[in-house]
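Residue-level listing of the chains:
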Amino acid sequence: MLFALAEELLVDEKPKTKKPKLTLDERREKNIEEGRPPKSHFPWEEEEKAKLANDFKSLADIGALSSRFERSPLAIAVQLQRMELLSEEVVELYRQQHH
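Rules and cut-offs
- For every chain, the first residue of the written sequence is number 1, and numbering continues from 1 along that sequence.
- Only residues with pLDDT of 70 or above have their local features reported here, since the model is predicted, and side-chain atom pairs are shown and tallied only from 80 upward, although totals for entire chains, interfaces and linings are computed over all residues.
- In computing side-chain values, all of the structure's heavy atoms are included and hydrogens and water are not.
- Each salt bridge in this description consists of a side-chain nitrogen of Lys or Arg and a carboxyl oxygen of Asp or Glu lying within 4 Å of one another.
- Put simply, DSSP marks the helices as runs of H or I at least four residues long and the strands as runs of E at least two long, and each gets a number from the N terminus on.
- Each residue is assigned to one of three classes by its accessible area relative to the maximum for its type, calculated with a 1.4 Å probe on protein chains only: buried under 20%, partly exposed between the two thresholds, exposed over 50%.
- Definitions used for this entry: grid spacing 1 Å over protein atoms alone; cavity, a set of points where a 1.4 Å probe fits but cannot get out; pocket, an open set with protein on both sides within 12 Å along at least 5 of 7 lines; lining residue, one with an atom within 4 Å of a point.
- Grid points are joined across faces, edges and corners, and a volume is the space filled by probe spheres set on the points.
- Lys, Arg, Asp and Glu make up the charged group, whereas Ala, Val, Leu, Ile, Met, Phe, Trp, Tyr, Cys and Pro make up the nonpolar group; the residues left over, Gly among them, are polar.
- Along the chain, pLDDT gives the predictor's confidence residue by residue, from 0 to 100.
- Here, nonpolar core means buried Ala, Val, Leu, Ile, Met, Phe, Trp, Tyr and Cys residues that are tied together by side-chain atoms lying within 4.5 Å of each other.
- Any two residues whose heavy atoms approach within 4.5 Å are treated as being in contact.
- Between the rings of Phe, Tyr and Trp (Trp by its six-membered ring), a pair exists once the centres lie within 6.5 Å; its type follows the angle of the planes, with under 30 degrees stacked, over 60 edge-to-face, and the other angles tilted.
- For a lysine, the NZ atom is tested; for an arginine, the CZ atom; a charge sits over a ring if that atom is within 6 Å of the ring centre and within 35 degrees of the ring normal.

A. A look at the pattern of salt bridges. If you walk through the whole model with that rule in mind, you get nine salt bridges. A salt bridge links E48 to R71, with the shortest nitrogen-to-oxygen separation between them at 3.0 Å. Highlighted residues: E48 in helix α3 (residues 46-59) and R71 in the loop between α4 (62-69) and α5 (73-82), separated in sequence by 23 residues. Taking the relative accessible area as the measure of exposure, E48 reaches 11% and is therefore buried. Classification of R71 as buried rests on a relative accessible area of 3%. Between E92 and R95 there is a salt bridge, with its nearest N and O atoms 3.9 Å apart.

See the structure below:
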């Protein structure tokens, strides 16, 4: 009985197919199509972090930085908080606006 049940479960199991991996340009286009900033969910590069820190010190406008870096205001705020340039309280305000 146990073997019959195990066999039945294994027969019903469908092989998992991996989704084809999108190129960076395809991911950017998909983000735009879905109403997200182009670089939504892209990892931050070290050079980009340094530029963000520098731009924040001179500009301090998260909305403008959001446009410049093609990321959401929340993503900008979270990254600035990770770099200890923005408080958790400010990030929490962006989280509340985001939802």
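On we go from here.
B. Quick look at the layout of surface pockets. A volume near 330 Å³ is recorded for the largest pocket. Contributing to the lining of the largest pocket are 15 residues, with S40, H41, S72, L74 and A75 lying nearest its centre. Counting residues per element, the lining of the largest pocket draws most heavily on α5, at five residues. Considering only residue class, the lining of the largest pocket consists of six nonpolar, five polar and four charged.

C. The arrangement of the confidence of the model for the protein in detail. Model confidence for the protein is summarised by a mean pLDDT of 87, while 83% of its residues fall at 70 or above. For the protein, the element scoring lowest by mean pLDDT is helix α1 (residues 2-12), at 59; α5 scores highest, at 95.

D. Structural context of the nonpolar core. By size, the foremost hydrophobic cluster in this structure holds 13 residues, and its most contacted members are L52, I62, I76, L80 and L86. Counting residues per element, the ones that place at least two in this core are α3, α4 and α5. For this core, the leading source of residues is α5, giving five residues. Those residues in contact with L52 that sit more than four places away from it in its chain are W44, L65, F69, I76, Q79, L80 and M83.

E. Representation of the packing of aromatic side chains. Scanning the entire structure with this criterion turns up one aromatic pair. Between W44 and F69 the ring centres are 6.2 Å apart and the planes differ by 40°, which places this aromatic pair in the tilted class. In this pair, W44 is assigned in the loop between α2 (24-33) and α3 and F69 in helix α4, connecting sequence segments 25 residues apart. Over the aromatic face of W44 sits the side chain of R71, whose NZ or CZ is 3.9 Å from the ring centroid.

F. Just unusual backbone geometry, in detail. At H41, a residue that is not glycine, the phi angle is positive and equals roughly 70°. Inspection of the secondary structure puts H41 in the loop between α2 and α3. Positive phi, close to 60°, is recorded for E84, a residue that is not glycine. Checked against the element boundaries, E84 lands in the loop between α5 and α6 (88-98).

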